[in-house]
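# Coordinates in review
Now for the letters of each chain:
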Amino acid sequence: MPEHSCALSGTLLREKKEIPFSKFPVEVQETLTKYGRNKIKASEVVKFGNEIYCQAQLKRFWFDKKLVLDTTGKQDPTFSYWD
């Protein structure tokens with residue numbers, strides 16, 4: 001069963017939902033596949049207000065990277081990876 005998390009403060013602040021990699025927008029999939037053979041350990045969609053972000057954890061042996069991308073596949077340094 002997919003994971004689902006949310007942060008509340010009287011109203012919904014942000015929401016996170018685990019989804020299959022294949023459900024990411026094509027642009028996000030293309031960006032993530034540039035990392036070669038690195039395995040995608042987690043793929044999630046985060047809704048923050050009216051904005052949608054895709055986050056993924058890439059992991060293989062010594063390599064461990066967490067990325068947050070907008071829906072066009074560009075990294076967004078203003079939004080932190082939400083564990």
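I will try to describe carefully the structure that is included in this document.

Rules and cut-offs
- By convention here, each chain's residues receive numbers from 1 onward along its written sequence.
- The model is predicted, so local features are restricted to residues of pLDDT at least 70 and side-chain atom pairs to those at 80 or more, both for listing and for counting; the totals for chains, interfaces and linings are taken over all residues.
- Water and hydrogen atoms were dropped before computing side-chain values, which therefore reflect all heavy atoms in the structure.
- Per the convention used, a helix needs a DSSP run of H or I reaching at least four residues, while a strand needs a run of E reaching at least two, with both numbered from the N terminus.
- Per-residue accessibility, obtained with a 1.4 Å probe over protein chains only, is compared with the maximum for each type, and a residue is labelled buried under 20%, exposed over 50%, and partly exposed between these values.
- Working rule for contacts: check all heavy atoms of both residues, and any pair within 4.5 Å makes them a contact.
- Accessible surface area values rest on a Shrake-Rupley calculation with a 1.4 Å probe, where residue burial reflects the displayed protein chains alone.

## Some thoughts on the overall build of the protein
- Along its length, the protein carries one helix and five strands.
- Along the protein, from the amino end to the carboxyl end, the secondary structure elements read β-β-α-β-β-β.
- Out of the 83 residues belonging to the protein, those deemed buried represent 33%.
- Contacts in the protein between residues at least 24 apart in sequence constitute 41% of all its contacts with a sequence separation of at least 6.
- Accessible surface computed for the protein: about 5,900 Å², of which carbon and sulfur atoms make up 52%.

## Some remarks on unusual backbone geometry
- Despite not being glycine, phenylalanine 61 has its phi angle at roughly 50°, a positive value.
- On the secondary structure map, phenylalanine 61 appears in the loop between strand S4 (51–60) and strand S5 (63–70).
- Given the relative accessible area of 68%, phenylalanine 61 is considered exposed.

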